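Each chain, written out:
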Amino acid sequence: MSDSPRGSAPPVLRSVDVTRTYGRGDAEFTALAGVDVEVDQGRSLAIVGKSGSGKSTLMHLLALLDRPSAGSVEVAGRAASDLRPAELNAIRNRMFGFVFQQFFLTGGQTVFENVSLPLVIAGVPARRRREKTMDALEALGLADKAKNRATDLSGGQKQRVVIARALVNDPSVIFADEPTGNLDTVTGAQVEEILFGLQRDRGITLVVVTHDPDLAARCDNAVTIADGRIIGRSEAAA
Ligand SMILES: Nc1ncnc2c1ncn2[C@@H]1O[C@H](COP(=O)(O)OP(=O)(O)OP(=O)(O)O)[C@@H](O)[C@H]1O
Ligand SMILES: [Mg+2]
């Protein structure tokens, strides 16, 4: 079933010949066609390509936020299609963290409330929630902003709040869609350092969609997508 040497863990994420079409009939559009990728635990994968090439579509499939039209997605060797809805939710809530531009912060709520949301969803008791939320805020240098409203922050601080929220549940995988896209160069570099620091220090797996060739080059592996197909793969020198 697997090419991995016997006894080694299956990739934490794998797509096998994954296709995603939108619409039907004359309006059918193939956003992704026959894509194979795999990511080992603790490694980083960059997904690069032009606007509209299918990067976010692939990330959403790997993150179990969407289902393929054909092919399969596996999480730690288990086919996502075999998982019950409660298991899918548990994986998304406990094993994955999301740094997506469309998962906005709730502006009127405090930084603390925004970061603790995944713990509320996971049913973590209030006291433990407080500890874990403050740990995440401290890790991102935001402890003094806990009571600020999320709107009252700079762009870089907001992005750090999003990262704090993504890691508050001790995920094994963080998915980041253009994590530095809206940031100035200096702030973008800080956010990049934070993400790679999480990989290095906590063994978190990173899946990063980016237009930035330098960010892609720092990842262990990169795939380039054009018109829904992988047209290039690279692996960083060890
Ligand atoms: N819900 C949808 N319905 C129809 N078409 C869609 C839908 N979502 C995405 N697409 C199309 O699929 C293609 C791939 O979209 P995707 O969002 O994956 O691109 P992307 O590489 O992430 O682009 P960008 O860099 O601009 O974010 C695009 O042509 C897009 O228009
Ligand atoms: Mg996108």
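First, a word on what this report is: a plain description of the structure on this page. If you're wondering where the values come from, they're calculated on a predicted model, not measured in any experiment.

**What about unusual backbone geometry?**
Part 1 of the argument: Although it is not a glycine, Asp17 adopts a positive phi angle of roughly 50 degrees.
Part 2 of the argument: Residue position: Asp17 is located in strand 1 (residues 13–22).
Part 3 of the argument: One non-glycine residue with positive phi stands out, namely Glu178, at about 50 degrees.
Part 4 of the argument: Considering the arrangement of structural elements, one finds Glu178 in the loop between strand 7 (173–177) and helix 6 (185–202).
Part 5 of the argument: Given a relative accessible area of 12%, Glu178 falls into the buried group.

**Observations concerning the site of ligand 1**
Part 1 of the argument: Around ligand 1 sit Tyr22, Phe29, Ala31, Lys50, Ser51, Gly52, Ser53, Gly54, Lys55, Ser56, Thr57 and His211, and those are all the residues in its vicinity.
Part 2 of the argument: A distance of 2.6 Å separates an oxygen atom of ligand 1 from a polar atom in the side chain of Ser51.
Part 3 of the argument: Ser53 is positioned such that a nitrogen or oxygen atom in its backbone is 3.2 Å from an oxygen atom of ligand 1.
Part 4 of the argument: For ligand 1, whose unbound accessible area comes to 640 Å², protein coverage reaches 58%.
Part 5 of the argument: Among the elements of the structure, strand 2 (29–39) and helix 1 (55–62) are those that each provide at least two residues to the shell around ligand 1.

**Quick word on the sheet that holds strand 10 (residues 229–235)**
Part 1 of the argument: One open sheet holds the six strands; their spatial order is 6-7-8-3-9-10, and the pairing between them is mixed. A strand with exactly one partner marks an edge of an open sheet, and here the two such strands are strand 6 (96–99) and strand 10. Within this sheet the neighbouring strands show an average axis-to-axis angle of 15 degrees, counted without direction.
Part 2 of the argument: Here strand 6 pairs with strand 7 via four bridges, running parallel. Within strand 7, the residue paired with Phe96 across the bridge is Val173.

Calculation criteria
- Residues numbered from 1 in each chain as written.
- Chains lettered and ligands numbered in written order.
- Predicted model: local features only at pLDDT ≥ 70, side-chain atom pairs only at ≥ 80, totals over all residues.
- Heavy atoms only, no water.
- Helix = DSSP H or I, 4+ residues; strand = E, 2+ residues; numbered from the N terminus.
- Buried < 20%, exposed > 50% of the residue type's maximum accessible area, 1.4 Å probe, protein only.
- Near = heavy atom within 4 Å.
- Polar contact = N/O pair within 3.5 Å; in protein donor to acceptor, adjacent residues only side chain to side chain.
- Areas by Shrake-Rupley, 256 points an atom, 1.4 Å probe, with all protein chains shown as cover.
- Pairing = 2+ DSSP bridges.
- Axes fitted to C-alpha atoms, helices over the stretch in contact; angles between N-to-C directions.

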